[in-house]
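Coordinate analysis (summary)
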Amino acid sequence: MEHIRMPKVENVQLLDRLSSRKAALGTLYLTATHVIFVENGSETRKETWVLHSQISSIEKQATTASGCPLLIRCKNFQVIQLVIPQERDCHDIYISLIRLARPVKYEELYCFSFNLKLDKEEREQGWKLVDLNEEYNRMGIPNNYWQISDVNRDYGVCDSYPTELYVPKSVTAHIIVGSSKFRSRRRFPALSYYCKCNNASICRSSQPLSGFSARCLEDEQMLQAIRKANPGSDFLYVVDTRPKLNAMANRAAGKGYENEDNYSNIKFQFIGIENIHVMRNSLQKMLEVCDLKSPSMSDFLWGLENSGWLKHIKAIMDAGIFIAKAVAEEGVSVLVHCSDGWDRTAQVCSVASLLLDPYYRTMKGFMVLIEKDWVSFGHKFNHRYGNLDGDPKEISPVIDQFIECVWQLMEQFPCAFEFNERFLIHIQHHVYSCQFGNFLCNSQKERRELKIQERTYSLWAHMWKSRADYLNPLYRSDHSQTQGTMHAQIAPFNFLYKFWSGMYNHFEKGLHPRQSVTDYLMAVKEETQQLEEELEVLQERLANLQKSHLNGNKVKSKQQDQSKQLGLSTSNNSLANTPQEYSNDLKSFPSRSPSQGDEEDSALILTQDNLKSSDLDLSANSDQESGVEDLSCRSSSAGGCLPSEDSGKDSDEAVFLAV
Amino acid sequence: MEHIRTTKVEQVKLLDRFSTSNKSLTGTLYLTATHLLFIDSSQRETWILHHHIAAVEKLPLTTSGCPLVIQCKNFRVVHFVVPRERDCHDIYNSLLQLSRTAKYEELYAFSYNPKQNESEQVKGWQLIDLAEEYKRMGVPNDNWQLSDANRDYKICETYPRELYVPRTASKPIIVGSSKFRSKGRFPVLSYYHKNKELNAMANRAAGKGYENEDNYSNIRFQFVGIENIHVMRSSLQKLLEVSGTKGLSVNDFLSGLENSGWLRHIKAVLDAAVFLVKAIAVESASVLVHCSDGWDRTSQVCSLGALLLDSYYRTIKGFMVLIEKDWISFGHKFSDRCGHLDGDPKEISPVFTQFLESVWNLTEQFPRAFEYNEAFLLQIHEHVHSCQFGNFLGNCQKEREELKIKEKTYSLWPFLLDEQKKYQNPLYSPDFSPELTLLEPSTVSFNFKFWRNMYHQFDRSMHPRQSVLNLIMDMSEQNKQLEEDIKKLEAKIKQRNGQSAAVLVKEHQQSVHPTPTALKTPPCFKKEQPLIPVNDVVRTIEGSNTADNRYSEFVEEFSKAEPAVVSLEYGVARMTC
């Protein structure tokens, strides 16, 4: 509190950045954790709350006639423009915020004062929601090929790794230690994902200290063991996610990359993802575009291109796709690294896992994924997101990029994810908010030392409680695309990568119809559920009535039959979830061609009439299904479609494999 | 038929223009009087209407044969490889002939027969009735009347016979004004906004030069700046080059998109419409809109303005009416702009396509405000070029009457209405935009997107892997079905349980359709849940809450209600003065 020079300023204006609307007048409060703006005279007491930990920069601009403008930029891309009447007050606020936004000790962070009012047990329970041991069990590990290693139990081998790591069964502690000595920061190869259907795995590490010619027997043995843990494959991919030039430059510093001649049966591959500095600048440039008050179309497109942001997103996605293909289609294990193996490696491993395993596309699974590939493997949250005052060169939007990759995938596969856009945006928010302990510090070791689990709450339990807000109403766990490996578009249709307005502009209201549609669909779904329940109750009642009726006079068997069919109709409806509906995608709209029999058309209309007929001869339900099918058959056979626009259920896959 | 040199070629390959592997389909190519047909080995058919062909190109011979690339007006691009050069040459020449029609009577619409009888045909043409539409707007009224000045197309041959003008405008005024306007296109009513205290309207006219504010009492003049048809044509050309390039990087795509200027033009059109709407709805000022001849940009802006002002035009039927009114009847030169007949290529321009794309952009911003979906817009686009129906043939009403379009061809609208199920937007909520509700689109550049399903409609491999629309359709269909079932059951229970009916009715009332609140209150965007996590305390976090009626701010800025004149051009008008 000693940093607050000015707890309250009145008659402050809050400007609306994008519109020319009048500014709101109100009072500004400074608390130990938040900046709060309370609008005057409004009945609903409109308030704007900004966490100190969200503030990325504060700018005092030249004084104008109406006062002294203060521009606050937040890490969640909110921009707040205030005008403070007195220059002196503005200065005090400015100085206070500068200090408040840059805490120097972990203990100053919000999560240590934030109180959810849960008792100890609930808090502990919350931390247990995501359990990585359980997750490795889910993958089928330990098994004949993989085992848990306790070699790092005191963080003795690698202090940025977790205590529990999974390595090939054949690997001894000697090999691990030897290999760790040959790797940057001692981050030796460890298991990230295991595909139990074909034994292929994704392992991760840092770069080898190979320099120009150095070798390490244990490291070579380690890679061989990883390869052999996948008996179906005779080689191992080693993917270096850096641009080749960067990797080569590292050789001069005694680091570098694997020499294919020294390791038996590896295939080495560069995938050029740029480093954290390039990414930081790229985001900066993109935000400058978002900042423009009313950019012309050219300003926007040129700025977006010039920022290179989407190019980088695509590079990460491409790397993930490469690995997912290697594992799923070729059945080959992959070792992924970059320099230290905690930024690009985390991005790429988690994108690949997400593509490979539908579990990670559920809400719980996504939490597990972040906990596994980011939190436990020592992604440096504190440094990258500037939670504590530190080297600004360490800051970089690494997890933001991963989250955006997920969003881009959601756009392509709207039914494959259990969660919605809001879920992603909230996670991004909390990476920076320091309101929960999950993302504090740079490693598991640091978090244990700080006793995070005893002193703070877990975000996951908190989000899990309000999971209804994060549900994607379009999610279909039974859809073929949802179930297996996702075949993301590999061909370079690059306009598929879109500017994510919902993230970077989400404070500009009225721009985002998406979420309201989601809410609406949730309501429709809820209605379905209620209707189904109601139907069930009625059916039960009818059955009871019939029973009592039958007891009275044992006839009327005909009606009973009908009610049976009625019962069926419910289940028929819920069965409308067949995957085939997707093949009825936005088809081409052929003009009428001679062969396009008009009979076909009228047949179609007839089916639809059947559908509509309120007469509901209950057996018509089965027609409904075939009616739907007719639709999809027709649009593909009715001329005009390219042959590749196959109507079959597998057309997606078929097309995809051709790619 | 005399143009067809070869009717059938076998062993032709069809390539996917975006596939990275060189896989192709082999099949037989047929040439008919109206279509090019490709049937592949698994009997799948690809039909291409000759009228849809925009360009045919023969590429240099390769080892596998002679490549033939056909570009269509609906943005389909097909790439054939014909084994023998001779056959390729024949097909090429035939297609060149067939895709260039010299006379209207040779167009497909005059031979197309949907097996309707005469009365059905007549009824089809009566489906859209513009007199009725003006009545719906509340015209004629005290201030506006129907003028018969143009009943023989004597004053303006590109206008319809029936026009609405102010009651005070006598015939000499009309004639005089028409002589002062390019092509005799004098100011007439396009849209009349009846709304509470508001009483403004959009007018349209043609210009040559622009109005001098000194000479006209109480006008305010405004240039809006939409480029001319030639700029638009080459912009689309550039866009197609970008979207057709295989293996473009993200950056090349973005810079190509920017360089084409296409989205900039779409934005300009929408910006003009938003200006028009603000003048009418906020300032209650009437607006006279013109460009040069008043049939391209004027049509775009008037129709989009009306769409923003009046929710009727956001229904399927209303959209048909809108196109009939602002485009067809007012003489948008469809045949010239779409190149229906072989003619001056400089007259071709994607004016109507831009209108549809602007509408699509609005549907993206307001997913619940439109009764129709993307497929509807695409289907209309298809038929503007197909020449299969009479609606879009010719350049004006007079021409269509001379061609006896209504006797010799069919109207598109009843066919679309018959299959309207396909065109319904499942998210549409009439409650969301009750009658005369303004749409207030944001025209910030972030909102403009590349319309993939227009420009890559036929590139199947580029579509998203999962279609949301069908899923939503199923969801609502399922609910309807459930409701039906419930009704049935309730009726049955009632019937069964005659004696205790009273009890049942009571229960019935309690249980009937417990619609979630979110459905009852129109879930409009303004009641959005905050995207930012709400903090520990229950407080709404308030970023920059746009006022619910964003237009109110303009009331303060402009208080005088006086007519405005909008010119849609960049400096062109200035030069002629």
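Please read all numbers here as calculations on a predicted model, not as lab measurements.

**Let's talk about the overall build of chain A**
When you go through chain A residue by residue, the secondary structure sums to 24 helices and 14 strands. With 659 residues in all, chain A has 59% of them scored as buried. Once local pairs closer than 6 in sequence are excluded, the contacts in chain A between residues at least 24 apart make up 70%. Total accessible area on chain A is roughly 25,800 Å²; 49% of this is exposed by carbon and sulfur atoms.

**Considering the confidence of the model for chain A**
Detailed reading of the predicted model is not advised wherever pLDDT is low. A residue-level look at chain A finds 78% of positions with pLDDT of 70 or above and a mean pLDDT of 81. Across residues 555-659 of chain A the pLDDT falls below 50, and counting only partners more than four positions away or on other chains, this stretch makes 205 contacts in the model.

**Structural notes on the sheet that holds strand S1 (residues 8-15) of chain B**
Strand-to-strand pairing in sheets goes through backbone hydrogen bonds, with the strands running parallel or antiparallel. All names here are of chain B. Ordered in space as S4-S3-S2-S1-S7-S6-S5, the seven strands form an open sheet in which the pairing is antiparallel. Looking at the sheet topology across the chains shown, the edges are occupied by strand S4 (45-49) and strand S5 (53-58). Between one strand axis and the next, the sheet turns through 30° on average, direction left out of account. Taken together, the five bridges between strand S3 (residues 35-40) and S4 define a ladder with antiparallel strand orientation. In the sheet register, Leu36 faces S4, and the bridge partner there is Ile48. Across the sheet, helix H1 (residues 85-98) lies against S1, strand S2 (24-31), S3, S5, strand S6 (66-72) and strand S7 (77-82), angled at about 155° from S5, the strand it touches most.

**Brief notes about the environment of Ile472 of chain B**
Following the sequence through the fold, Ile472 of chain B ends up in helix H18 (residues 468-496). Setting aside its immediate chain neighbours within four residues, Ile472 of chain B contacts Leu474 and Leu521 of chain A together with Pro426 and Leu427 of chain B.

**Focus: the nonpolar core**
As a rule of thumb, nonpolar side chains are buried together in soluble globular proteins. Phe366 of chain A together with Phe319 of chain B are the most contacted members of the largest nonpolar core, which totals 230 residues. At 14 residues, the largest contribution of residues to this core is made by helix H7 (residues 262-282) of chain B. By size, the runner-up hydrophobic cluster in this structure holds 25 residues, among which are Ile4, Leu28, Ile55 and Ile84 of chain A.

**What to know about the packing of helix H3 (residues 132-139) of chain A against helix H11 (residues 363-376) of chain A**
All names here are of chain A. One can describe the packing of H3 onto H11 by two numbers: an axis separation of 10 Å at closest approach and a directional angle of 110°. Here H3 is positioned roughly perpendicular relative to H11, judged by the angle of their axes. Crossing angle aside, the handedness with which H3 passes H11 is left-handed. Packed against H3, whose contacting residues are Leu132, Glu135, Tyr136 and Met139, the element H11 presents Val368, Glu371, Lys372 and Ser376 at the interface. Of the residues contributing to the contact of H3 with H11, the split by class is four nonpolar, one polar and three charged.

Conventions and cut-offs
Residues numbered from 1 in each chain as written. Chains lettered and ligands numbered in written order. Predicted model: local features only at pLDDT ≥ 70, side-chain atom pairs only at ≥ 80, totals over all residues. Heavy atoms only, no water. Helix = DSSP H or I, 4+ residues; strand = E, 2+ residues; numbered from the N terminus. Buried < 20%, exposed > 50% of the residue type's maximum accessible area, 1.4 Å probe, protein only. Contact = heavy atoms within 4.5 Å. Areas by Shrake-Rupley, 256 points an atom, 1.4 Å probe, with all protein chains shown as cover. pLDDT = per-residue confidence, 0-100. Pairing = 2+ DSSP bridges. Axes fitted to C-alpha atoms, helices over the stretch in contact; angles between N-to-C directions. Core = buried A, V, L, I, M, F, W, Y, C linked by side-chain atoms within 4.5 Å. Parallel < 35°, antiparallel > 145°, perpendicular 65-115°, else oblique. Left-handed = near helix turned anticlockwise from the far one by under 90°. Nonpolar A, V, L, I, M, F, W, Y, C, P; charged D, E, K, R; others polar.

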